[in-house]
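Single-letter residue listing:
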Amino acid sequence: MCASFFGFHPGMVITMLIVHGAYSFFTHTQVIGRIKWLEYVFVTPSVHGVHHASDEKYLDKNYGDMFTFWDRIFGTFQEEEEKPKYGLTHPLKSYSFLWQHFHYYFEIYELWKRSKGFKARWMAVFGSPANMDQDIRPILEKRFLQDKSNPNQRLRFRNYLYIQLGICTLILTAFTYYFDLLNTLDKVFVLSVIIITLINCGALLEQRKWIYYLEYARILMITTFFLYEENLTVFFFIPLAVMIFVEQLFSLSKYYQSMILQLETVE
């Protein structure tokens, strides 16, 4: 958008985004080792791997996404010396899509509440992340997340997770391709399904029992949308009544949790 504002043709911007996106696939692999001669100009998987590392010597390094000369100019270039340890310096204790995206806003708010005076609160919001109190995240995780007492267990029924992610990817691809042909309601519906599915996958990995009710909400949303599209919203109560009846008759919540929320020991 900024590039178009300064006079660059949208075709140029789109072409740049496509090339940049394609190149990112190359830089996010561990299959390819170091290519030293290429690192003088272009970002390689080794160079970009340093950017994603949590090792102290690799922090705040290799910001460039395609060219390395920017980091060399500003003094932030770092070659890979030891194999990087990928991830955050303080790993998140959650698979939740929502927590992964919004946890830092909770941390900022908690720091803001602790701060006294205008300057301290200003720095809590706009200051360096390095100044964040290290005890805030553990406190928030204890407050909002469940305790994982069995770290050596994993989900047994993983195919259900893979199927959801696969369908979600296909929907997102089709949504992007046909975006201009969709009306506002269609766009809101598709995005809602994608977001609920991502939340569902995180809840599944964390063995959240309320995932069953999230499934119901997704089914109800989908059926309601199609009833609306066919001008049959007057029958909205039918799928809702069917779901309530089936739950009362067969206790599907217990069956669902016993089948989907199964764990197996990791050896």
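Everything quoted here is computed from the prediction, not taken from an experiment.

Caption draft 1: Structural view of the layout of surface pockets. Roughly 870 Å³ of volume is contained in the largest pocket. Lining the largest pocket are 25 residues, and of these L88, T89, H90, P129 and R137 sit closest to its centre. Those elements that provide at least two residues to the lining of the largest pocket are α5 (97–114) and α7 (136–144).

Caption draft 2: Main features of the pattern of salt bridges. As enumerated under the stated definition, the model contains eleven salt bridges in all. Two residues, R114 and E110, come together in a salt bridge whose shortest N-O distance is 3.9 Å. Of the two residues, R114 and E110 both sit in helix α5, four residues apart, roughly one turn of that helix. Note that R143 and E110 form a salt bridge whose closest N and O atoms lie 3.7 Å from each other. Taken as a pair, R143 in helix α7 and E110 in helix α5 lie far apart in primary sequence, 33 residues in all. We classify R143 as partly exposed; its relative accessible area is 46%. For E110, a relative accessible area of 11% corresponds to the buried category. Overlapping salt bridges bring together E110, K113, R114, D133, D135 and R143 as one network.

Caption draft 3: Quick peek at unusual backbone geometry. Phi is positive for D60, close to 60°, though the residue is something other than glycine. With respect to the secondary-structure elements, D60 resides in the loop between α3 (45–51) and α4 (69–74). When its relative accessible area of 58% is taken as the criterion, D60 is described as exposed. A positive phi angle, near 55°, is found at N62, a position not held by glycine. Turning to its location among the elements, N62 is positioned in the loop between α3 and α4.

Caption draft 4: Inspection of the environment of E39 at higher detail. By the element assignment, E39 lies in the loop between α2 (10–27) and α3. When its relative accessible area of 2% is taken as the criterion, E39 is described as buried. Separated by 29 residues in sequence, E39 and T68 have C-alpha atoms that sit 6.8 Å apart. Once residues within four sequence positions are removed from consideration, E39 is found in contact with R34, T44, S46, V47, T68 and R72.

Here is what the cut-offs are and how they apply
Residues numbered from 1 in each chain as written. Predicted model: local features only at pLDDT ≥ 70, side-chain atom pairs only at ≥ 80, totals over all residues. Heavy atoms only, no water. 1 Å grid on protein atoms, 1.4 Å probe; cavity = no way out; pocket = protein on both sides within 12 Å on 5 of 7 lines; lining within 4 Å. Points joined across faces, edges and corners; volume = space filled by probe spheres on them. Helix = DSSP H or I, 4+ residues; strand = E, 2+ residues; numbered from the N terminus. Salt bridge = Lys/Arg side-chain N within 4 Å of Asp/Glu carboxyl O. Buried < 20%, exposed > 50% of the residue type's maximum accessible area, 1.4 Å probe, protein only. Contact = heavy atoms within 4.5 Å.

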